[in-house]
Amino acid sequence: MGPMAAPAEVAGSCPECGVENAPDHNYCKHCGTPLRAVDVERELGTGFAERTRDRCLQLLKADPGNASAHYNLGLAYYHLSQIGNAIRAFDKAIELDDAYPGAHFQIAVCHYRRGAMSECAAASRRAIELNPRSAPARYRLAMALFHLGKLHEAGRAFEDTLVADPEYVIACYQLGVIRERLDDDAGAVQCFERVVGANPHDASAHYHLGLGYKRLGLDALAMSALTEALRLDPSDTAAAEELQSLQR
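Being a predicted model, the structure only gives us computed values, none of them experimental. (Residues numbered from 1 in each chain as written. Predicted model: local features only at pLDDT ≥ 70, side-chain atom pairs only at ≥ 80, totals over all residues. Heavy atoms only, no water.)

Undergrad: Please give an account of the overall build of the protein that cites residues and values.
TA: Within the protein, the secondary structure is distributed over 12 helices and 0 strands. Traced from its N-terminal end to its C-terminal end, the protein shows the element sequence α-α-α-α-α-α-α-α-α-α-α-α. When the 248 residues of the protein are sorted by exposure, 50% land in the buried category. Approximately 12,200 Å² of the protein is accessible, and the part contributed by carbon and sulfur atoms is 52%. (Helix = DSSP H or I, 4+ residues; strand = E, 2+ residues; numbered from the N terminus. Buried < 20%, exposed > 50% of the residue type's maximum accessible area, 1.4 Å probe, protein only. Areas by Shrake-Rupley, 256 points an atom, 1.4 Å probe, with all protein chains shown as cover.)

Set out below in structure tokens:
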């Protein structure tokens, strides 16, 4: 599969990699990210974020030391794509209450969105210190490490995410991608079998599963997985090429 694309703002695109997906896809066909977040963004675009911002600003005039109001203001700014303002609001919440795990996590999300992966990793680690059971914080740390090229560390962080929440399937998908890149084909297959079991309509997972089977010499299983990937996403040229190579 090709490199991750820059994030796109168009409706229906993946919030992580920007690739367009079919309306009935639950996960991105390219990177596996859950697409339900797109629906949340759409709902927040109807005026809820603006109303939240205005209410928080009004509240903070009377009570500037209200950490929760600064936090909610940060959320509103984030969903209005005002990332700098969001970071400042979350920073203020932390200044008032350093043991505010949600604020540290949201700063990590903001840094991730602006491509500042080292800062994202640092904020994620602080969020994990405050809430070790937070699977989203562990996942965000893992993604930052992945983009920093620290694949072994990222793999361990994705494993920790799955310990915190075994149902966090996207972490299993990303762990599979890392194992694939590190030539751990059996480990990658194990991950993608789990993803396909949880979401049989994830075309990208079927593609990676087929690739893993092929590398392990399991041609019949590889053809079946790649055929399913193409059935779910006929535009997947990589799956078509891998399938053709097996049929020669």
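Still to come is the rest of the account.
Undergrad: Describe the environment of arginine 156, and please don't skip the residues or the numbers.
TA: By the element assignment, arginine 156 lies in helix α7 (residues 151-164). With a relative accessible area of 48%, arginine 156 lands in the partly exposed category. In sequence terms arginine 156 and leucine 175 are 19 residues apart; their C-alpha atoms lie 8.6 Å from each other.

Undergrad: Account for the packing of aromatic side chains, naming residues and giving values.
TA: We describe a pair of aromatic rings using the distance from one ring centre to the other and the angle between the two ring planes. If you walk through the whole model with that rule in mind, you get 5 aromatic pairs. Ring plane angle 25 degrees and centroid distance 5.0 Å describe the contact between tyrosine 71 and tyrosine 100, whose orientation is recorded as stacked. Taken together, the residues span a long stretch of sequence, with tyrosine 71 in helix α2 (residues 67-79) and tyrosine 100 in the loop between α3 (83-96) and α4 (101-113) at a distance of 29 residues. Each member of the pair tyrosine 71 and tyrosine 100 is classed as buried. Centre to centre, the rings of tyrosine 139 and phenylalanine 158 are 5.8 Å apart; their planes meet at 55 degrees, and the pair counts as tilted. A residue pair is termed long-range when its members are at least 10 positions apart, and tyrosine 139 in helix α6 (residues 135-147) and phenylalanine 158 in helix α7 qualify at 19 residues. Judged by relative accessible area, phenylalanine 158 falls into the buried class, the value being 0%. Following the ring pairs from residue to residue traces out a cluster consisting of Tyr71, Phe90 and Tyr100. Directly above the aromatic system of tyrosine 78 lies the positively charged group of arginine 113, at a separation of 5.0 Å from the ring centroid. Here the guanidinium or amino end of arginine 140 rests over the ring plane of tyrosine 112, the centre of that ring lying 4.5 Å away. (Phe/Tyr/Trp six-rings, centres within 6.5 Å; stacked < 30°, edge-to-face > 60°. Lys NZ or Arg CZ within 6 Å of the ring centre and 35° of its normal.)

Undergrad: Quick one: what's the story with the side chain of histidine 104, residue by residue and with numbers?
TA: Take histidine 104: it is sitting in helix α4. Setting aside residues up to four positions removed in sequence, histidine 104 forms contacts with Ile94, Asp98, Ala123, Arg126, Ala127 and Leu130. (Contact = heavy atoms within 4.5 Å.)

Undergrad: For the pattern of salt bridges, give the residues involved together with the corresponding values.
TA: Scanning all chains against the criterion turns up 10 salt bridges. A salt bridge links arginine 126 to aspartate 98; the nearest nitrogen and oxygen atoms lie 2.6 Å apart. Placement of the pair is arginine 126 in helix α5 (residues 117-130) and aspartate 98 in the loop between α3 and α4, with a sequence separation of 28 residues. With a relative accessible area of 24%, arginine 126 lands in the partly exposed category. For aspartate 98, a relative accessible area of 39% corresponds to the partly exposed category. With a closest N to O distance of 3.3 Å, glutamate 159 and arginine 179 form a salt bridge. Taken as a pair, glutamate 159 in helix α7 and arginine 179 in helix α8 (residues 169-181) lie far apart in primary sequence, 20 residues in all. According to the relative accessible area criterion, arginine 179 is buried, its value standing at 17%. (Salt bridge = Lys/Arg side-chain N within 4 Å of Asp/Glu carboxyl O.)

Undergrad: Now, about helix α12 (residues 237-247): what can you tell me, with residues and values included?
TA: Turning to α12, its buried residues number three or more, namely Ala238, Ala239, Glu242, Leu243 and Leu246. Seen from one end, α12 has its buried residues packed into an arc of 130 degrees, which puts them on one side. For α12, exposure combined with an orientation more than 90 degrees from the buried face picks out Thr237, Glu241 and Gln247. On its buried face, α12 is in contact with α10 (203-215) and α11 (219-232). The N-cap of α12, judged by a side-chain oxygen 3.2 Å from the amide nitrogen of alanine 238 a few residues on, is aspartate 236. (Arc of directions from axis to C-beta. Polar contact = N/O pair within 3.5 Å; in protein donor to acceptor, adjacent residues only side chain to side chain.)

Undergrad: Go over the packing of α11 against α12 with me, naming the residues and quoting the values.
TA: Two elements in contact, α11 and α12, have axes separated by 9 Å at closest approach and are oriented at 145 degrees. Here α11 and α12 pass one another in a crossing that is left-handed. Contacts from Asp219, Ala222, Met223, Leu226, Thr227, Ala229 and Leu230 in α11 reach Ala239, Ala240, Glu242, Leu243, Leu246 and Gln247 in α12. Its residues placed into classes, the contact of α11 with α12 shows 9 nonpolar, 2 polar and 2 charged. (Axes fitted to C-alpha atoms, helices over the stretch in contact; angles between N-to-C directions. Left-handed = near helix turned anticlockwise from the far one by under 90°. Nonpolar A, V, L, I, M, F, W, Y, C, P; charged D, E, K, R; others polar.)

Undergrad: Which residues make up a nonpolar patch on the surface, and what values go with them?
TA: Together, Leu216, Leu218 and Leu221 make up an exposed nonpolar region whose accessible area comes to about 240 Å². Here leucine 221 lies in helix α11. With a relative accessible area of 43%, leucine 221 lands in the partly exposed category. (Patch = residues over 30% accessible without salt bridge, like charges linked within 9 Å, V, L, I, M, F, W, Y side chains within 5 Å.)

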